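A look at the structure
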Number of protein chains: 2
Amino acid sequence: MALLKELISVDEAIRRIVSTFRLDLRTTYVNIENSLGLISAEDVVAPYDIPSYNKSVVDGYALRAKDTYGASPSNPVELKVIGEVDVNVDPEEVPLLKPYTAVKVATGSPLPKGSDAVIMYEDVERLNDKILVYKPLPQWANVARVGEDFRRGDLIVSKGTVLGPWHIASLASYGFSKVLVYERIKVVVIPIGSEVIKPSIPEPLRKGVYDSTSYLIKSFLSIKGYFNVSRLDPIPDDLSIIRSIISKALESFDMVITCGGTSVGERDLTYSAIKDLGDFTPLFRGVAIRPGRPVSAALVGGKLVFMVSGFPVAALATLDLILMPSIKLVLGVKEIDEPVVKAKLVKRLVNVVGYTSYFRVRVFRCGSELCVEPLRLTGSGILSTLIRGNGVVIIPPNVEGYDVGTYVKVKLIGPIL
Amino acid sequence: MALLKELISVDEAIRRIVSTFRLDLRTTYVNIENSLGLISAEDVVAPYDIPSYNKSVVDGYALRAKDTYGASPSNPVELKVIGEVDVNVDPEEVPLLKPYTAVKVATGSPLPKGSDAVIMYEDVERLNDKILVYKPLPQWANVARVGEDFRRGDLIVSKGTVLGPWHIASLASYGFSKVLVYERIKVVVIPIGSEVIKPSIPEPLRKGVYDSTSYLIKSFLSIKGYFNVSRLDPIPDDLSIIRSIISKALESFDMVITCGGTSVGERDLTYSAIKDLGDFTPLFRGVAIRPGRPVSAALVGGKLVFMVSGFPVAALATLDLILMPSIKLVLGVKEIDEPVVKAKLVKRLVNVVGYTSYFRVRVFRCGSELCVEPLRLTGSGILSTLIRGNGVVIIPPNVEGYDVGTYVKVKLIGPIL
């Protein structure tokens, strides 16, 4: 396998993961209250019609529509009121309505059998135990009919849906208290590099660099409720240590993400370390993405090892554009997209053709519209783009760049101030 | 206080909450790893410059820029290479560079004192312990200078920020392992109504209705990491039970949300129940919002009791348009907005002037653009709009409606299929 020489495209990288990686997540029933953000592992269909009986949608009198045919102001129809049906009456116990009778109903009351329309209070004249109807009513006037809202068998939640408030409420509306979901994807993030230091006290380092990338990866994935992300402290550039820690991690996690140790230098050992583990399937080593080019992936014992750069923005680009789309495809996840705005470029954006580029940008209000300014990506500016940026512009490999004044799509990752 | 007669505007409702309700949340230091979605309770400023020392951004030779002035291809400057500085050398221990000497450096190496530029390997000729420089270098060429990325005192995270992956990574980059956050807002949701049944087995009810609204409210708020939401099972329409449960809840929660029991009917007791509790401050009773009009709010002992409709979409409208904006203002929360798209109306939307309307809609792709279709809001269609809709269109009170073909803003609450 080529070492960063023949870079594959982002699409090809995704294709290789999706065509080989199987996530065999266990399924479990959880209380709907605890299902927010988890992925439904089943199609849930409506177990019965809603409404499950014909009901009135107004306060008035239930009657037989055909009894009113021919009614007019000069020739009203007279119906005998034979009773009243409350909202809380069992629909099975509602009596049969005979010709030329009516029953008082409230909004939500089950309709007496035999009746097929409801006339509103204000449209009739009441005389002792009778009402006078001055106009004909069409069949099913002011009635919510059985199954009008949902038919038995209609899909309420489809398999792969990330459960949101609306799904949970819909399930509850039917009386469901539990839903079958996938267990969360267990991921461990392992920062690699002898120079990488765990944050403790905010003091300038005399040597090395604080680990920020493993925190970025953990929190980025944790936004999704269907991940369960752990993080290890940095491990040194030592082939046997890297090998034994990844090997151990593969026993208890569905997926391993390493950061650091991915470019081709003497101290970059991650790929070499895992290559010798049993049941190794290389997927790719290097992708035409900027930043993030040295990203690699392999399956070890069928589990995904995703190796990203130690630089935070580079790691982010590869997670956002390669790993997340792959996992969603592997699991068939249906989910709302991240917020996107269109904004006017105030500085040129130049792409290296052949690469998918991931530009950190700052979106701000300018007059009545939104403007967007690219932030530099290289060298020491990495930290400030994390803080000062609030969006990302993605340029596909076949585009040379965008001129000043172009309206571009910006994926928002922070508020517009 | 008027009973739904004089409705106030959504803006006025928010103003009344924000001007009276104080959320005195405790603050606590948490590990940055556990701070995702919480609200920063402090301004965090850069405790030192980054870079904290001048460093090379290329592989090459550190030198004194002025030694190269006058250099040219025909008249190169000769510098003596007196050593090498590795990336991991303590910047304090890097030696002083004397005139007409150079030191080999790598990307990231601290610059020797006295040097102020770096020339790249490929731009020099090496002859034993000397290099030949053929061009003058400007001062600070290929150098990342102290504080270039961040100056000591620059704001990294401001108070009120909802902490996202970028903030967490930025804090880690400085060596911070903890951050001061507000403790989560403790909310309890209490469904009220003798007809309201807790979901258990999905069977049609012979009387009453399954509680879905309390599940909707709990999950809607739980999307935000800064809420800690509990839910009670439905309580009956009994003045003394309602009073005692709300009174008890106020002891342990920052906020109480009731659903059901808000419209003005004989069985709607929530407002009456809490009116007699001590230290009662009415805020409003009824807001010009559709659906959701009977929404009420009051302070009891300084804590907010927010009373919403038992109908899920009505509850949602008032939470989304009144409660959430109020809480964000009360706490000064800075947060990314929900995703919004522009889509073309395929059916007319009619507003009742004077009301803020909250229309459930379905957004779908039509040709190369997005179209949006309103879903009916009334009667039995409530459940199906929860499932079939993926967005919301909000019409302000001064707008009569939108015609077919108008492009409207849609707040997305589900994926576009």
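Parameters and conventions
- Residues numbered from 1 in each chain as written.
- Chains lettered and ligands numbered in written order.
- Predicted model: local features only at pLDDT ≥ 70, side-chain atom pairs only at ≥ 80, totals over all residues.
- Helix = DSSP H or I, 4+ residues; strand = E, 2+ residues; numbered from the N terminus.
- Rg over C-alpha atoms; globule rule 2.2 N^0.38 Å.
- Buried ≥ 20, exposed ≤ 12 C-beta atoms within 10 Å, placed from the backbone.
- Contact = placed C-beta atoms within 7 Å.
- Pairing = 2+ DSSP bridges.
- Axes fitted to C-alpha atoms, helices over the stretch in contact; angles between N-to-C directions.
- Least-squares fit on C-alpha atoms with pLDDT ≥ 70 in both.
- Domains from an automatic or database assignment.
- Nonpolar A, V, L, I, M, F, W, Y, C, P; charged D, E, K, R; others polar.
- Parallel < 35°, antiparallel > 145°, perpendicular 65-115°, else oblique.
- Left-handed = near helix turned anticlockwise from the far one by under 90°.

A word on the overall build of chain A
- Of regular secondary structure, chain A possesses seven helices and 28 strands.
- A compact globule built from 417 residues should have a C-alpha radius of gyration of about 22 Å, whereas chain A, at 32 Å, is more than 25% larger.
- For chain A, the spread of C-alpha atoms along the principal axes amounts to about 100 × 55 × 40 Å.
- For chain A, the residues scored as buried account for 45% of the 417 residues in total.
- Within chain A, counting contacts between residues at least 6 apart in sequence, those at least 24 apart form 73% of the total.

Structural notes on the sheet that holds strand β9 (residues 130-133) of chain B
All names here are of chain B.
- Spatially, six strands are ordered β7-β4-β6-β5-β9-β8 in an open sheet, and the strand pairing comes out mixed. Looking along the sheet, the strands with just one partner apiece sit at the ends: β7 (117-120) and β8 (124-127). Within the sheet, the average angular offset between the axes of one strand and its neighbour, ignoring direction, is 40°.
- Two elements, strand β5 (residues 77-85) and β9, share four bridges in a ladder whose sense is antiparallel. Bridging from a neighbouring strand, Lys-80 pairs with Lys-130 of β9.

Concerning the relation of the copies chain B and chain A
- Of the transformation placing chain B onto chain A, the axial shift is 0.0 Å and the rotation is 180°, giving an RMSD of 0.1 Å. On the angle and the small slide along the axis, the relation comes out as a two-fold axis. Scanning chain B for the C-alpha nearest the rotation axis identifies Pro339(B), at a separation of 2.0 Å.
- Comparing interface residues between copies, 100% of those in chain B also sit at the interface in chain A, which points to an isologous, same-surface contact.

Some remarks on the environment of Val393(A)
All names here are of chain A.
- You can see Val-393 is positioned in strand β26 (residues 391-395).
- With 20 C-beta atoms counted inside 10 Å, the residue Val-393 sits in the buried group.
- When the C-alpha positions of Val-393 and Arg-360 are compared, they lie 6.6 Å apart, and in sequence the two are 33 residues distant.
- In contact with Val-393, not counting residues within four places along its chain, are Leu-349, Phe-359, Val-361, Val-372, Val-408 and Val-410.

Here we look at the domain arrangement of chain A
All names here are of chain A.
- On domain assignment, one finds that chain A holds domain 1 (10-25 + 184-331), domain 2 (30-49 + 151-181), domain 3 (55-144) and domain 4 (340-412).
- Computed from C-alpha coordinates alone, the two centres of domain 1 and domain 2 are separated by 33 Å.
- If you look at the interface, domain 1 gives four residues, while domain 2 gives six residues.
- Along the lines of polarity and charge, the residues of the side of domain 1 that touches domain 2 split into two nonpolar, one polar and one charged.

Considerations on the sheet that holds strand β17 (residues 255-259) of chain B
Residues and elements named next belong to chain B.
- Spatial strand order, β16-β13-β17-β21-β20-β18: six strands in an open sheet with mixed pairing. Pairing within the sheet leaves two strands with one partner each, and these edge strands are β16 (227-231) and β18 (280-285). Here the strands of the sheet are splayed against their neighbours by 20° on average, with no regard to which way each runs.
- Note that strand β13 (residues 185-191) and β17 share five bridges and pair parallel.

Quick look at the interface of chain B and chain A
- Across the boundary between the two partners, chain B contributes 70 residues, which contact 70 residues of chain A.
- Those elements giving two or more residues to the side of chain B that touches chain A turn out to be α3 (165-174), α4 (213-222) and α8 (382-388) of chain B.
- Here the side of chain B that touches chain A takes eight residues from α3(B), the largest share from any one element.

A closer look at the packing of helix α1 (residues 10-20) of chain A against helix α6 (residues 312-331) of chain A
Residue and element names in this part refer to chain A.
- With their axes 9 Å apart at the nearest point, α1 and α6 run at an angle of 40° to one another. As judged from the angle between their axes, α1 and α6 are oblique. For the pair α1 and α6, the sense of crossing is right-handed. Contact residues: Val-10, Ala-13, Ile-14, Ile-17 and Val-18 in α1; Leu-321, Ile-322, Pro-325, Ser-326, Leu-329 and Val-330 in α6.

A few points about the packing of helix α3 (residues 213-222) of chain A against α6(A)
Residue and element names in this part refer to chain A.
- Where α3 contacts α6, the axes come no closer than 9 Å and their chain directions differ by 30°. In terms of axis orientation, α3 runs roughly parallel to α6. Relative to α6, α3 is oriented so that their crossing is right-handed. Residues Thr-213, Leu-216, Ile-217 and Phe-220 of α3 lie in contact with α6, whose contacting residues are Pro-312, Ala-315, Leu-316 and Leu-319.
- Broken down by class, the residue content of the contact of α3 with α6 amounts to seven nonpolar, one polar and no charged.

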